[in-house]
Amino acid sequence: MRMLCVDDAHRLLSRTLRERGNWSVTNWNRFSRKDRRGAVKPPAGAFDAATVRLPPTKAAFAMAAVAVAARLRAGGVAWIYGADREGVRGCETDGLPDGLFEDVRVVHASSGGLGGGGGLGGDAGVTHVEDSTGSFAVLRCVRTEKPSGGSAGTGVPGSSSGAVTHRLKNGTFDEDLVESFKRVGRLDVRLGANVHAFERWVTYPGLFAGGGLDVMTAFLLETMTRSSDGWLGRSLRNEPGCREAFSALDFCSGSGTLAACVRRLAPSARLTLLDADAVAMRAARENLGSPAGASGRVGSSSSPQDERTSVSVHLPPTAFALGDGWTGLSDDERFDVIASNPPVHLGLRPEFTVLTSMCAGFDARLRPGGEAWFVAQRYVPVAGICAGIGGLAARVVCVRASDKFAVWWVRKPGAGEEDGGERKTPKKEKKEK
């Protein structure tokens, strides 16, 4: 019997199924973890059953459910598990694509704390970090081949559920799986006085900030561009010594909003985008993936003072790295600029593992004279984390702060320099009204 385990990040459920259930288990994780790379779609093949860890959004759950349906044989059972506060019980009546599953019902629930022997894994104490408090539930549903009677948009954004069911039946759905969930729109980004327009911006379900530009990343970009001595600010102002291309890493890039803004402001920058999410990397490739040597449209912006039309320039190639933090890059890759809005939550709980790992890598990953910029919520103990890491991370300073966010910066000493210089921490900005 073949089992597809979806997003079992720690492989706890998979191991238990192999040891106690005699299942032949295949894992599919959207997100990379350690040396295991994430994937946009599940491995090919037919499965008798599946387990699905509830994704964070309704649309992401619909995309995962359709992917499972594409691999699950008719009559196969799928178990969906998650916390009540994540909305798992709501999936019993809403969230599954029309026409693909039937007999949806809650078969196990736990009220608070850690689940006991009736759960999927059967091990008390085996649970995801974000589920360790509060109640959770397991849903059971059956794969069906009944034609869909639903209307467009009820199950799969951007595609009628009937069309999805038809493609599944006829074996033509695999290549269309992700395309059915793609959203293409316009992204407007204000940087200073100018509004920069990205006319074709691709997003998919489950991306951070919906695949757009969130307020924290915008705060980071504004800080970087108005810096008097940062790489990006000097390049934007065409100051002497900064006309040559510099290399920039967007750490935890998502759909590529931060990197796209860097490319718009500094077209000669050599960009690398790094993220653990395979779907985010797909979006980023579509948004910034001009082939090497290709011409691109840059500089499209508008402001009260002037209006400039886009111009064609020779863009350097963009590199895309799928992986769990620094493991996604080769050991010898170095950068002049590292910029990031790193995640500081796992589910609904604060979690600083990614932030800590990123800061610990500054010593090895910055070139001499290079700088790192990142933003975090004010409650995140960045100074304490970096002091505990030591080395270059211990020199990180806050260069701008608002009531909610703070931008942090560090510079690696250049050749012949004893230290990277210091900056005074700015006063707390007034709360915007």
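Overview of the structure. Every chain begins its residue count from 1, and numbering advances along the sequence as written. This being a predicted model, a pLDDT of at least 70 is required before a residue's local features are given, and a value of 80 or more before pairs of side-chain atoms are given or counted; all residues contribute to the totals for chains, interfaces and linings. Based on all heavy atoms of the structure, the side-chain values leave hydrogens and waters out of the count.

Our focus in this paragraph is the environment of G369. Helix numbering and strand numbering both begin at the N terminus, where a helix is a DSSP run of H or I of at least 4 residues and a strand a DSSP run of E of at least 2. Inspection of the secondary structure puts G369 in strand β19 (residues 366-377). For every residue, the accessible area obtained with a 1.4 Å probe (protein chains only) is divided by the maximum for its type, and the residue is called buried under 20%, exposed over 50%, and partly exposed between those limits. Looking at G369, the relative accessible area reads 12%, which means it is buried. Along the chain, G369 and E417 lie 48 residues apart, while their C-alpha atoms are 9.0 Å from each other.

Think of a 1 Å grid over just the protein atoms. A cavity is a set of points where a 1.4 Å probe fits yet cannot get out, a pocket is an open set with protein on both sides within 12 Å along at least five of seven lines, and lining residues have an atom within 4 Å of a point. Grid points are joined across faces, edges and corners, and a volume is the space filled by probe spheres set on the points. Scanning the entire structure with this criterion turns up 3 cavities of 30 Å³ or more. Every residue lining the second largest cavity is counted, 12 residues in all, and those nearest its centre are A248, L249, L258, V262 and A339. Elements with a minimum of two residues in the lining of the second largest cavity: β9 (247-251), α6 (257-265) and β16 (335-340).

Pairing is mixed in the open sheet, where 6 strands are placed in the order β2-β1-β3-β4-β6-β5. Each edge of the open sheet is held by one strand with a lone partner, namely β2 (24-28) and β5 (101-110). The average angle at which neighbouring strand axes cross in this sheet is 20°, direction not considered. For two strands to count as paired, DSSP must find a minimum of two bridges between them. Direction of pairing for strand β4 (residues 72-83) relative to strand β6 (residues 136-143): antiparallel, over a ladder of 7 bridges. Note on method: axes are straight lines fitted to C-alpha atoms, helices fitted across the in-contact stretch only, with angles between N-to-C directions ranging 0 to 180 degrees.

All right, on to the sheet that holds strand β21 (residues 405-411) then. Taking strand neighbours across the sheet as the criterion, the 7 strands line up as β15-β10-β9-β16-β19-β21-β20 in an open arrangement whose pairing is mixed. Each edge of the open sheet carries a strand with a single partner, namely β15 (319-322) and β20 (397-401). Taken pair by pair, the neighbouring strands of this sheet meet at an average axis angle of 20°, ignoring direction. Here β19 pairs with β21 via 7 bridges, running antiparallel. Following the sheet pairing, A372 is matched in β21 by V410. Residue contacts are defined here by distance: any two heavy atoms, one from each residue, within 4.5 Å place the two residues in contact. The sheet contacts of α6 involve β9, β10 (270-275) and β16, and relative to β10 the element is tilted by about 175°.

Take the packing of aromatic side chains next. We call Phe, Tyr and Trp rings a pair once their centres come within 6.5 Å, taking the six-membered ring for Trp, and we label the pair stacked below 30 degrees between planes, edge-to-face above 60, and tilted otherwise. Applying the stated criterion across every chain yields a total of 5 aromatic pairs. On the basis of an interplanar angle of 40° and a centroid distance of 6.1 Å, the ring pair of F362 and F374 is categorised as tilted. Within this pair, whereas F362 is found in helix α9 (residues 362-365), its partner F374 is found in strand β19, the two being separated by 12 residues in sequence. Neither F362 nor F374 differs from the other in exposure class; each is buried. For a Lys NZ or an Arg CZ to count as sitting over a ring, it must be within 6 Å of the ring centre and within 35 degrees of the ring normal. Taking NZ or CZ as reference, R2 lies 4.2 Å from the ring centre of F47, over its face. A cation over an aromatic ring shows up here: R264 above the ring of F198, its NZ or CZ 4.1 Å from the ring centre.

What follows deals with the side chain of S32. Within the element layout of this structure, S32 appears in the loop between β2 and β3 (47-53). If we ignore the near neighbours within four places in the chain, the residues touching S32 are R37, G38, A276, L322, G323 and D324.

Our next topic: the packing of helix α4 (residues 215-225) against α6. One can describe the packing of α4 onto α6 by two numbers: an axis separation of 11 Å at closest approach and a directional angle of 30°. Classified by the angle between their axes, α4 and α6 sit roughly parallel to one another. As α4 packs across α6, the resulting crossing turns out to be right-handed. Counting all contacts with α4, which are made through T217, L220, L221 and T225, the residues of α6 involved are L258, C261, V262 and L265. Note on residue classes: Ala, Val, Leu, Ile, Met, Phe, Trp, Tyr, Cys and Pro are nonpolar, Asp, Glu, Lys and Arg are charged, and everything else, Gly too, is polar. Residues of the contact of α4 with α6, tallied by class, amount to 6 nonpolar, 2 polar and no charged. In what follows, roughly perpendicular refers to angles from 65 to 115 degrees, roughly parallel to angles under 35, roughly antiparallel to angles over 145, and oblique to any angle outside these ranges. Each crossing gets its hand from how the near helix is turned against the far one by less than a right angle, where anticlockwise is left-handed and clockwise is right-handed.

Our focus in this paragraph is unusual backbone geometry. The backbone of R11 shows a phi angle near 60°, a positive value even though the residue is not glycine. Following the sequence through the fold, R11 ends up in the loop between β1 (2-6) and α1 (12-21). Judged by relative accessible area, R11 falls into the partly exposed class, the value being 24%. Backbone geometry places N22, a non-glycine residue, at a positive phi of 55°. Structurally, N22 is set in the loop between α1 and β2. On the basis of relative accessible area, N22 is assigned to the exposed category, the value being 66%.

Turning our eyes to something else, we now look at the pattern of salt bridges. Here a salt bridge means any side-chain nitrogen of Lys or Arg lying within 4 Å of a carboxyl oxygen belonging to Asp or Glu. Tallying each qualifying case throughout the model produces 15 salt bridges. Here D84 and R89 are joined by a salt bridge, their closest N and O atoms 2.8 Å apart. D84 gets classed as partly exposed once you look at its relative accessible area, which sits at 25%. We note a salt bridge from E199 to R186, for which the minimum N-O separation is 2.9 Å. Of the two residues, E199 sits in strand β8 (residues 194-203) while R186 sits in strand β7 (residues 183-191), which places them 13 residues apart along the sequence. Judged by its relative accessible area of 52%, E199 falls in the exposed class. Residues participating in the shared-partner salt-bridge network are E179, K182, R282 and E286.

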